[in-house]
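Take a look at the letters that make up each chain.
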Amino acid sequence: MNSGFLTDRVRPARSAATRMDNETYRIRVEDLFRELLLEDGTMDEGVRQQLEQLALLPRKTRYFLRVLNDQPLPVQVHFYRLILSRVKEKDFYADLERHIRHRFYEAREQIKEILAQLADAECVPALMHVIALTEEGWLAGELIRIVLSYAPEVLREPVHQALQSGDYQLQCLGIYLAGKSKRDPLLEVLSQFYRRPFGEKVDRLERKSYDALMEGVEGCSDALLLRWLRDSSARVRELGIVAVAKRRLKAAVGDLVRLVLVDAKTRNRAAQTLLDFEQEGLLEFRETDEAGAAVRTILTTAKREPLLATLKDLTREESGAVREVALKMIRLLPDAAPLAGGLVRVAVDDRLRSVQLAALETLAKIDHERFVDAAADLMAAAAGTVHPEVAEGLERLVASTLNAAERDHLAEEIEHRRRKREEALEKFAGTIESWRHEIE
């Protein structure tokens with residue numbers, strides 16, 4: 001076997017440039033730079049190609065950068081772009097950090113102007129490595145400001161790469177840039193990472209991601225928040241709910257209603273957000289209200305039988321917010337009569353006064369007879385058993401929804417039920433007395 005052949009294949013002969021010592025290399029680069037620019041200011045193509053080859057030689061880049069400092073600005077920009085986009089050696093980023101730091105000391109405005117022109121998705125990762133690597137806070141701040149000046153479309157892929165790198169410092173930087181940008185492309189990338197964060201100190205990464213997303217919500221588009229509400233990940237949907245609540249986004253009402261109806265994981269938070277919107281005047285559960293009309297449209301276009309079954313179940317949910325929203329949505333159904341029977345129990349027995357009032361208001365709208373039944377039960381109850389707020393609300397509903405004849409009928413029904421309650425109490429008390437006498 002020809003061992004020499006194998007040796008040649010495994011260890012190819014190095015070029016003369018590769019074998020160059022550092023001083024010879026520096027001199028060669030200086031000579032070529034002197035020949036680079038033609039009289040009209042353009043670059044000589046052959047010289048440029050030679051310089052590009054030298055710039056990318058392993059372990060020589062820092063020497064090239066030193067010579068580059070003295071070249072005209074357009075030349076510097078060209079070769080910085082080449083080097084930052086192409087050199088990937090492990091030690092390169094430390095050399096680049098040292099070089100940029102020194103340039104900030106020597107020619108701050110010039111290096112800032114150069115870096116500001118490197119708005120290229122291929123160059124940004126190198127700058128992000130420098131930011132993550134440097135221990136100089138001021139330098140990191142300067143570079144972050146420059147990077148954030150780039151278009152978000154330029155930063156999208158570098159931030160994605162940083163988040164997927166598994167390098168904690170790079171991931172933290174990617175999270176920070178996304179939040180500070182407050183722009184859709186970067187926040188969308190970060191929300192995908194937030195679905196399932198990974199890496200060292202994953203709890204911290206998750207918390208940082210959430211905080212950055214909440215910061216970014218202040219400047220992103222409404223469309224992005226609506227996409228989050230429709231995301232396949234419950235974590236992102238919940239993020240969307242918090243975001244639209246923070247932004248008071250009225251356009252989200254329809255999506256929040258859908259989440260209440262179909263999403264058990266985010267239902268409670270979505271319902272509470274709808275109630276907050278109602279309290280803030282962004283929503284009324286009435287056909288005449290713009291947002292209320294949107295809710296009605298969703299309810300009327302849904303399949304009726306499954307919808308009725310869902311609303312019936314929601315009025316029995318453990319969450320008071322869900323029960324209250326379900327009761328208010330029932331008012332917007334074209335024909336809610338099949339649900340009226342179950343609402344009397346809610347109106348009379350529910351432990352939350354807001355839910356009781358919602359049930360009473362809904363009954364008053366969809367079924368006067370059952371409303372009178374529930375009102376009679378509550379008004380005939382013993383003193384102190386009905387919360388004052390419920391009692392006051394009920395009196396207002398009676399005055400505004402019942403005519404004189406219906407109010408007279410209600411008064412008779414209240415008196416009848418009070419008598420029945422008193423008779424039952426007297427009978428019970430007599431039974432107790434007989435037991436006491438028998439024991440004596």
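Residues numbered from 1 in each chain as written. Predicted model: local features only at pLDDT ≥ 70, side-chain atom pairs only at ≥ 80, totals over all residues. Heavy atoms only, no water.

**Considerations on the overall build of the protein chain**
Each helix and strand in the protein chain was counted, giving 25 helices and zero strands. Since a compact globule built from 440 residues should have a radius of gyration of about 22 Å, the 36 Å found for the protein chain marks it as more spread out than a globular shape. Taken along the three principal axes of its C-alpha coordinates, the protein chain extends 120 × 60 × 45 Å. Within the protein chain, buried positions represent 45% of all 440 residues. Across the protein chain, the fraction of contacts at a sequence separation of at least 24, relative to all contacts at a separation of at least 6, is 67%. Here the protein chain displays about 23300 Å² of accessible surface, and carbon together with sulfur accounts for 48% of that area. Across the protein chain, the 67 positively charged side chains and the 74 negatively charged ones have centroids separated by 4 Å. (Helix = DSSP H or I, 4+ residues; strand = E, 2+ residues; numbered from the N terminus. Rg over C-alpha atoms; globule rule 2.2 N^0.38 Å. Buried < 20%, exposed > 50% of the residue type's maximum accessible area, 1.4 Å probe, protein only. Contact = heavy atoms within 4.5 Å. Areas by Shrake-Rupley, 256 points an atom, 1.4 Å probe, with all protein chains shown as cover. Lys, Arg positive; Asp, Glu negative; His and termini not counted. Charge placed at Lys NZ, Arg CZ, Asp CG, Glu CD.)

**Focus on the confidence of the model for the protein chain**
For the protein chain, the mean per-residue pLDDT works out to 90, and 92% of the residues sit at or above 70. Under a pLDDT of 50 for its full length, residues 1-18 has, in the predicted model, five contacts with residues more than four places off or in other chains. (pLDDT = per-residue confidence, 0-100.)

**Overview of the environment of Asn22**
Along the chain, Asn22 falls in helix α3 (residues 22-36). Looking at Asn22, the relative accessible area reads 33%, which means it is partly exposed. In contact with Asn22, not counting residues within four places along its chain, are Lys60 and Tyr63. Within the local environment of Asn22, its side chain forms a polar contact with the side chain of Lys60, the two groups lying 2.8 Å apart. (Polar contact = N/O pair within 3.5 Å; in protein donor to acceptor, adjacent residues only side chain to side chain.)

**Digging into the side chain of Arg103**
As for its placement among the helices and strands, Arg103 is situated in helix α7 (residues 92-116). Residue contacts for Arg103: discarding those within four places in its chain leaves Asn69, Tyr80, Arg108, Gln110 and Ile111.

**Some points on the packing of aromatic side chains**
As enumerated under the stated definition, the model contains eight aromatic pairs in all. Each residue in the set Phe33, Phe64 and Phe79 is aromatic and connected to the rest through ring pairs, giving one cluster. In this structure, Lys201 packs its charged tip against the face of Tyr168, placed 4.7 Å from the ring centre. In this arrangement the basic side chain of Arg235 is found over the ring face of Tyr194, its NZ or CZ atom lying 4.3 Å from the centre. (Phe/Tyr/Trp six-rings, centres within 6.5 Å; stacked < 30°, edge-to-face > 60°. Lys NZ or Arg CZ within 6 Å of the ring centre and 35° of its normal.)

**Comments concerning the environment of Arg304**
Relative to the elements of secondary structure, Arg304 occurs in helix α19 (residues 304-314). Residues Arg304 and Leu333, spaced 29 residues apart in sequence, show a C-alpha to C-alpha distance of 9.6 Å. Setting aside anything within four residues of it in sequence, one finds Arg304 in contact with Asp335 and Pro338.

**Observations regarding the packing of helix α17 (residues 267-279) against helix α20 (residues 320-330)**
Interhelical geometry of α17 versus α20 gives an angle of 60° and a closest axis separation of 8 Å. If you check the angle between α17 and α20, you find them oblique. For the crossing formed where α17 meets α20, the hand is left-handed. For the pair formed by α17 and α20, the contact residues are Arg267, Asn268, Ala271, Gln272, Leu274, Leu275 and Glu278 on the first element and Ala321, Val322, Glu324, Val325 and Lys328 on the second. Here the contact of α17 with α20 is built from residues that sort into six nonpolar, two polar and four charged. (Axes fitted to C-alpha atoms, helices over the stretch in contact; angles between N-to-C directions. Parallel < 35°, antiparallel > 145°, perpendicular 65-115°, else oblique. Left-handed = near helix turned anticlockwise from the far one by under 90°. Nonpolar A, V, L, I, M, F, W, Y, C, P; charged D, E, K, R; others polar.)

**Side note on the nonpolar core**
Formed by 143 residues in total, the largest nonpolar core has its most connected members in Phe33, Phe64, Trp228 and Met329. Counting residues per element, this core draws most heavily on α7, which supplies eight residues. When neighbours within four sequence positions are excluded, Trp228 is seen to be in contact with Leu187, Ser191, Leu213, Val217, Val236, Arg237, Leu239, Gly240 and Ala243. (Core = buried A, V, L, I, M, F, W, Y, C linked by side-chain atoms within 4.5 Å.)

**Let's talk about unusual backbone geometry**
Positive phi values are uncommon outside glycine, yet Arg59 reaches one of about 65°. Locating Arg59 in the fold gives a position in the loop between α4 (45-55) and α5 (61-68).

**Observations concerning the pattern of salt bridges**
Oppositely charged side chains can form a pair if their charged atoms are brought close together. One pass over the full model with this rule turns up 40 salt bridges. Residue Glu188 is joined to Arg227 by a salt bridge in which the shortest nitrogen-to-oxygen separation is 3.4 Å. One end of the pair, Glu188, is in helix α12 (residues 184-195); the other, Arg227, is in helix α14 (residues 222-229), with 39 residues separating them in the sequence. A relative accessible area of 23% places Glu188 in the partly exposed class. Residue Arg227 is classed as partly exposed on the basis of its relative accessible area of 37%. With its nearest N and O atoms 3.2 Å apart, the salt bridge here joins Arg235 to Glu206. You can see Arg235 sitting in helix α15 (residues 234-247) and its partner Glu206 sitting in helix α13 (residues 202-216), a full 29 residues away along the chain. By relative accessible area, Arg235 is classed as partly exposed at 28%. Using a relative accessible area of 27% as the deciding quantity, one classes Glu206 as partly exposed. Taken together, the shared-partner salt bridges connect Arg108, Lys112, Glu142 and Arg145 into one network. (Salt bridge = Lys/Arg side-chain N within 4 Å of Asp/Glu carboxyl O.)

**Topic: the side chain of Asp367**
Residue position: Asp367 is located in the loop between α22 (353-366) and α23 (368-379). Here the side chain of Asp367 touches Arg370 through a polar contact of 3.0 Å, side chain to side chain.

**Description of a positive patch on the surface**
Among the surface-exposed residues, Lys201, Arg204, Arg207 and Lys208 lie close enough to one another that they form a single positively charged patch. With respect to the helices and strands, Arg204 occurs in helix α13. Arg204 sits in the partly exposed class, given a relative accessible area of 42%. (Patch = residues over 30% accessible without salt bridge, like charges linked within 9 Å, V, L, I, M, F, W, Y side chains within 5 Å.)

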